[in-house]
Amino acid sequence: MRYAAYPGYKPSHIGWLGEVPSHWEVKPLGYVARFRGGATPDTGKPEYWDGDIPWLSPKDMKRPVIEDSEDHVSAEALRNGPLSMIPPDAVLIVVRGMILAHTFPVALTGGPVTINQDMKALVVAQVLQPRFLFWALRGFANALVALADESAHGTRKLETFTLSRFPILLPPSREQRAIADFLDRETAKLDTLVAKKRALIEKLKEKRTALISRTVTRGLPAEAAAKAGLDPLPKLKPSGIDWLGDVPEHWDVKPVKFVARVGNGSTPSRGNTDFWLEGDYPWLNSSVVNLEEVTEPTELVTEAALHQCHLPRITPPAVLIGITGEGKTRGMATTLQIEATINQHLAFVKPRDARCEVRYLRRVFDRAYQFLRNESDGGGSTKGAMTCEQIASLRIPIPPYAEQRTIADYLDRETAKIDRMVAKVEEAIERLQEYRTALITAAVTGKIDVRGAVHDREASVPEPNKARVLA
């Protein structure tokens, strides 16, 4: 969609802003809004908490309009502390925290609330519409993030003095409402499209998981099995294992330790430079299990670290598994494609001989993901962690080696197709989000004139102004 430009522009005298519509004003934010701060009531006084007044912190900044919070304070906290009530239609911003390194959260209050010290509320003057300021601050997010100072601890902070001088464009009030209405409507359309595409990605991922689960427990689908010279309808037998169910009669079911070696590593002392300085041997942390395969090191360690810290040298290919943590990485598997060593949060599974194909073994661990997580949450193990012994004792299906290779080849092909589809949808989402950001910025800076934009109809572009459009 293309939108018209304004008939005339004037210099804003602000380098990053450029020209603005000739009838718009440019004012410092402190001129058109009052800043209201927040605080945290004394946590040692229970009478200040669990009241009925919403108390917001940066974690609540996930919706465009916020009316309530998980945390509440009492009227007594309001009377006896530094808190103040923030009215409806105030604009909330985060002014301190790590999040300011990459984005600038903005929201509107849908009712009376209080806030903590990491936030500010902007109560606007009559010349400014709250919804327009909401969109304007979102459109200027990159410029605002660039103004955040970084402390010695890495925390970012936007000083009130800096914010009060930040330039805000002021169209006439009627025009502000038109711009806000336009952005409400158009971003909602884009958000709906993004949500549908994300739902499609989830369905594709579910299909991928189901494909792997079925194939490593039952063998190839009938048509693919026949093409590969395998029995398309093999007889099944009970595996004796709940998470596996029935398996082909000619398959074995054995503990991992019968076909592979299992072990883990450690993290050399960060205080010993002999272990890290000028290291040249790949060392991996648990983040690598988020990759389909590992081809690059996380960091490098020295020969001294390998010897003194008893780190394993793992030759590829091998399977790596995340063994600790409450997040999704515990139980996730990846394929190691470089020689490397690992930290204590990973286990390696290395086949002993030609009885086990690594690519097949990797897919078995993909199938066992939920079982391993459930197993490591209780039953005698440390909560949130699994042991190498648990992995080594895991009973898995073992087809004849030639069939393992056939299954691995089939899954490599079929999962690659699904992965390509997922990548295309993710690229489409990224383009939609980039367009959404550009649309907001163009509208609140006057680069496009949306006053005549009509729902579901492309705005016309006057011939003289075709150079100033959002494509």
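Small disclaimer: the values here were computed from a predicted structure and weren't measured.

### A word on the overall build of the protein
Counting secondary structure elements, the protein contains 12 helices and 26 strands. For 471 residues, the compact-globule estimate of 2.2 N^0.38 gives 23 Å, and the protein exceeds it by more than 25% at 29 Å. Its C-alpha atoms give the protein principal-axis dimensions of roughly 80 × 60 × 50 Å. Counting all 471 residues of the protein, 46% fall into the buried class. When contacts within the protein are restricted to residue pairs at least 6 apart in sequence, long-range pairs at least 24 apart make up 72% of them. Approximately 23300 Å² of the protein is accessible, and the part contributed by carbon and sulfur atoms is 51%. Computed over 62 positive and 59 negative side-chain charges, the separation of the two mean positions in the protein equals 4 Å.

### Concerning the environment of Phe 182
Position of Phe 182 among the secondary structure elements: in helix α6 (residues 173-218). What makes Phe 182 buried here is its relative accessible area of 2%. Apart from residues lying up to four places away in sequence, Phe 182 is in contact with Tyr 3, Leu 439, Val 450 and Ala 453.

### Quick look at α6
For α6, with 46 residues, the first-to-last C-alpha span of 67 Å sits near the 68 Å given by 1.5 Å per residue. The positive-phi residue at the C-terminal boundary of α6 is Gly 219, with phi of around 95 degrees.

### Quick word on the layout of surface pockets
Reported here for the largest pocket is a volume of approximately 890 Å³. Lining the largest pocket are 25 residues, and of these Lys 205, Arg 208, Thr 209, Glu 292 and Met 332 lie nearest its centre. Where the lining of the largest pocket is concerned, the elements lending two or more residues are α6, α9 (358-367) and α12 (401-444). Residue contributions to the lining of the largest pocket peak at seven residues, all from α6. Across the lining of the largest pocket, the residue classes break down as 10 nonpolar, four polar and 11 charged. Considering only enclosed or pocket space, the second largest pocket measures out at about 660 Å³ in volume.

### A look at a negative patch on the surface
Taken together, the side chains of Glu 426, Glu 427, Glu 430 and Glu 434 make up a negatively charged region of the molecular surface. Mapped onto the elements, Glu 427 comes out in helix α12.

### Considering the confidence of the model for the protein
Residue-level pLDDT values for the protein average 91, and 94% of them are 70 or greater. Long-range and interchain partners of residues 454-471, a stretch whose pLDDT sits below 50, account for 41 contacts in this model, where long-range means more than four residues apart.

### Focus on the packing of aromatic side chains
Remark: the centre distance and the inter-plane angle together describe each pair of aromatic rings, the angle taken between the planes. This model, assessed by the stated rule, comprises 10 aromatic pairs. Ring geometry for Tyr 6 versus Trp 24: centroids 5.6 Å apart, planes at 75 degrees, classification edge-to-face. Residue Tyr 6 is located in the segment before β1 (9-11), and its partner Trp 24 is located in the loop between β2 (19-21) and β3 (25-28); the two are separated by 18 residues in the primary sequence. Across the pair, exposure class does not vary: Tyr 6 and Trp 24 are buried alike. An aromatic cluster is defined as three or more aromatic residues linked by ring pairs; in this entry it consists of Tyr 6, Tyr 9 and Trp 24. Here Arg 270 stacks its cationic end above the ring of Trp 276, 4.0 Å away from the centre of that ring. Above the face of the Tyr 281 ring, Arg 313 is positioned so that its terminal group lies 5.2 Å from the ring centre.

### Describing the sheet that holds strand β19 (residues 281-284)
With mixed pairing, three strands are arranged side by side in an open sheet as β21-β19-β24. A strand with exactly one partner marks an edge of an open sheet, and here the two such strands are β21 (299-301) and β24 (341-342). Pairing between β19 and β24: two bridges, direction parallel. Of the residues in β24, the one forming a bridge with Leu 284 is Ile 342.

### Description of α9
Most of α9 sits out of view: seven of its 10 residues are buried. All buried positions along α9 are accounted for by Val 358, Tyr 360, Leu 361, Arg 362, Arg 363, Val 364 and Phe 365.

### Side note on the environment of Ala 225
Secondary-structure assignment places Ala 225 in helix α7 (residues 222-227). With relative accessibility at 2%, the residue Ala 225 sits in the buried group. Note: C-alpha distance between Ala 225 and Tyr 31 (194 residues apart in sequence) is 73 Å. Apart from residues no more than four positions distant in its own chain, Ala 225 is found in contact with Leu 220, Leu 230, Asp 231 and Pro 232.

Conventions used here
- Residues numbered from 1 in each chain as written.
- Predicted model: local features only at pLDDT ≥ 70, side-chain atom pairs only at ≥ 80, totals over all residues.
- Heavy atoms only, no water.
- Helix = DSSP H or I, 4+ residues; strand = E, 2+ residues; numbered from the N terminus.
- Rg over C-alpha atoms; globule rule 2.2 N^0.38 Å.
- Buried < 20%, exposed > 50% of the residue type's maximum accessible area, 1.4 Å probe, protein only.
- Contact = heavy atoms within 4.5 Å.
- Areas by Shrake-Rupley, 256 points an atom, 1.4 Å probe, with all protein chains shown as cover.
- Lys, Arg positive; Asp, Glu negative; His and termini not counted.
- Charge placed at Lys NZ, Arg CZ, Asp CG, Glu CD.
- Expected span 1.5 Å × (residues − 1).
- 1 Å grid on protein atoms, 1.4 Å probe; cavity = no way out; pocket = protein on both sides within 12 Å on 5 of 7 lines; lining within 4 Å.
- Points joined across faces, edges and corners; volume = space filled by probe spheres on them.
- Nonpolar A, V, L, I, M, F, W, Y, C, P; charged D, E, K, R; others polar.
- Patch = residues over 30% accessible without salt bridge, like charges linked within 9 Å, V, L, I, M, F, W, Y side chains within 5 Å.
- Salt bridge = Lys/Arg side-chain N within 4 Å of Asp/Glu carboxyl O.
- pLDDT = per-residue confidence, 0-100.
- Phe/Tyr/Trp six-rings, centres within 6.5 Å; stacked < 30°, edge-to-face > 60°.
- Lys NZ or Arg CZ within 6 Å of the ring centre and 35° of its normal.
- Pairing = 2+ DSSP bridges.

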